[in-house]
Amino acid sequence: MSHMDDNDIPSTPGKFKSSYIHRLRYNFSLTKVTVWALVFFGLIFLSVFFRSPSLSKPDDPTRRALGTNNWGGPSWEKRVRTSARVRSGKGSMSVLVTGAAGFVGTHVSAALKRRGDGVVGIDNFNDYYDPTLKRSRQALLERSGVFIVEGDINDMTLLKKLFELVTFTHVLHLAAQAGVRYAMENPLSYVHSNLAGFVSLLEVCKSVNPQPAIVWASSSSVYGLNTKVPFSEKDRTDQPASLYAATKKAGEEIAHTYNHIYGLSLTGLRFFTVYGPWGRPDMAYFFFTKAILKGKGISIFEGPNHSTVARDFTYIDDIVKGCLGSLDTAEKSTGSGGKKRGPAQLRVFNLGNTSPVPVTDLVGILEKLLKVKAKKNVMQLPRNGDVPFTHANISYAQREFGYKPTTDLETGLKKFVKWYLNYYSAGKKSSG
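Right, let's walk through the structure included here. Note that the structure is a prediction, hence the values are computed from the model and not measured. (Residues numbered from 1 in each chain as written. Predicted model: local features only at pLDDT ≥ 70, side-chain atom pairs only at ≥ 80, totals over all residues. Heavy atoms only, no water.)

### So, the side chain of Glu-367
Defined as follows: For helices the rule is a DSSP run of H or I covering at least 4 residues; for strands it is a run of E covering at least 2, with both sets numbered from the N terminus onward. A simple rule labels every residue: compare its accessible area, found with a 1.4 Å probe on the protein chains alone, to the largest value its type can have, and call it buried under 20%, exposed over 50%, or partly exposed in between. Two residues form a contact once any of their heavy atoms are found within 4.5 Å.
Position of Glu-367 relative to the elements: it lies in helix 11 (residues 359-370). Judged by relative accessible area, Glu-367 falls into the buried class, the value being 10%. Setting aside residues up to four positions removed in sequence, Glu-367 forms contacts with Val-372, Lys-373, Ala-374 and Lys-376.

### A look at the packing of aromatic side chains
Remark: the centre distance and the inter-plane angle together describe each pair of aromatic rings, the angle taken between the planes. The condition is simple: Stacked, edge-to-face and tilted labels apply to pairs of Phe, Tyr and Trp rings (six-membered ring for Trp) whose centres lie within 6.5 Å, assigned for plane angles under 30 degrees, over 60, and everything in between, in that order. Two limits define a charge over a ring: the Lys NZ or Arg CZ must be within 6 Å of the ring centre, and within 35 degrees of the ring normal.
For the structure on display, the rule yields 32 aromatic pairs. Their ring planes at 25° and their centres at 4.7 Å tell us that Tyr-223 and Phe-231 sit as a pair that is stacked. Cluster of aromatic residues (ring-pair linked, three or more members): Tyr-275, Trp-278, Tyr-285, Phe-286, Phe-313, Tyr-315, Phe-416, Trp-419, Tyr-420, Tyr-423 and Tyr-424. The ring of Tyr-129 carries Lys-134 above its face, with NZ or CZ at 4.6 Å from the centroid. Of note, Arg-135 hangs over the ring of Phe-125, and the distance from its end group to the ring centre comes to 3.7 Å.

### Considering unusual backbone geometry
Residue Pro-210 follows Asn-209 across a cis peptide bond; omega there is 5°. Tracing the backbone through its elements, the reader meets Pro-210 in the loop between helix 7 (187-207) and strand 5 (213-217). Of note, the bond from Val-229 into Pro-230 is cis; its omega dihedral lies within 30 degrees of zero at -10°. One can find Pro-230 in the loop between strand 5 and helix 8 (243-262). One non-glycine residue with positive phi stands out, namely Trp-278, at about 65°. Structurally, Trp-278 can be placed in the loop between strand 7 (274-275) and helix 9 (284-293). On the basis of relative accessibility, which here comes to 16%, the residue Trp-278 falls in the buried class. Positive phi, normally seen in glycine, also occurs at Thr-354, with a value near 70°. Looking at where Thr-354 falls in the secondary structure, it is placed in the loop between strand 13 (346-351) and strand 14 (357-358).

### Let's talk about the nonpolar core
Defined as follows: The set of buried Ala, Val, Leu, Ile, Met, Phe, Trp, Tyr and Cys residues whose side-chain atoms join them within 4.5 Å is what this entry labels a nonpolar core.
The biggest cluster of nonpolar side chains holds 75 residues, and the ones touching the most others in it are Val-104, Phe-271, Tyr-285, Leu-362 and Trp-419. Top element by residues in this core is helix 13 (residues 409-423). It accounts for 7 residues. Setting aside residues no more than four positions away along its own chain, Trp-419 makes contact with Leu-133, Pro-277, Trp-278, Gly-279, Phe-286 and Tyr-424.

And the structure:
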């Protein structure tokens, strides 16, 4: 990544003299950053000041007041400090994991704790999907010694308090409003979490001393309508096919801005269709399994002219390795007290499996593992933000930290089905 020299930045931003403007030569990439930043900061403004009841659920937890103070006190502070403690002679970093009760967040938090790193989680436990599953993940992490603070990343008072208690060396930012199709039902939840939430976190991180290195979840969705395969980090990402993708693309531009101005070390991870035990119920492999077992029909989409819809399914353990590799190779931020002291690391990686599999093959594997024939309903891919295929080029991650996925789809689904049947067995829990 190239970095602009500090001499290219006026000492009083916004007060440009015309003679200075004529001397200044912005490159094309910075111009695009400015455009994206203006557009999506505008969306953040709208989400905060013009919340329309028709665009968000009245009881949507992402819209709840952030002033509710259900954290704090000596006991709470002790739990935070204990969870963040690095095991002597083992771990090397103390990590704040946002979205820690989520699918990826749970797995990475557990992996960090196992190797001796300090981990503190934060999650708002919203009801985008069954909160019971999130609470079960929370219990799993607590048994491993990971404390999850219940709170919203837009609550900057809470974030500042956490940084007062712990000198975090790293932040793994996984909290986000996920899902491509849900954006058509509740668009402002994406602005609230993926944009306003990200900015709130960066605002706190830029001001603490020392600044942490930040690894955060972007998405393969940023490739949008791109037809060049496999998708490379150098490919164009200015044609998002969904609001979710647009917010993740905007996040990458916002990351560039905070890296450029404040010296924050930022690494974005473009995940490709992550699956596995403790996964998200809104993902196809999950709700296909549920429907097949209940004898209900499943919708299988096909592209134009009956073309195949395929995904680069990536098993959770491989994603965890990519997250750990990114954290381990993240360089220190270079700012102090909100001021940049030198060029800082800025990276974006694809984390995929490099082997796209047709969705019809996914269904066939599930039928085999579940020993039940699926009731299939084949239909055209709707215009709801889904794309016909994804395919990751992972050579950059391979070079930087030896990323190498090792789990094929059948092996991964076998592990998922075993977990699913165990988790929802004997009527202990309802799959909805």
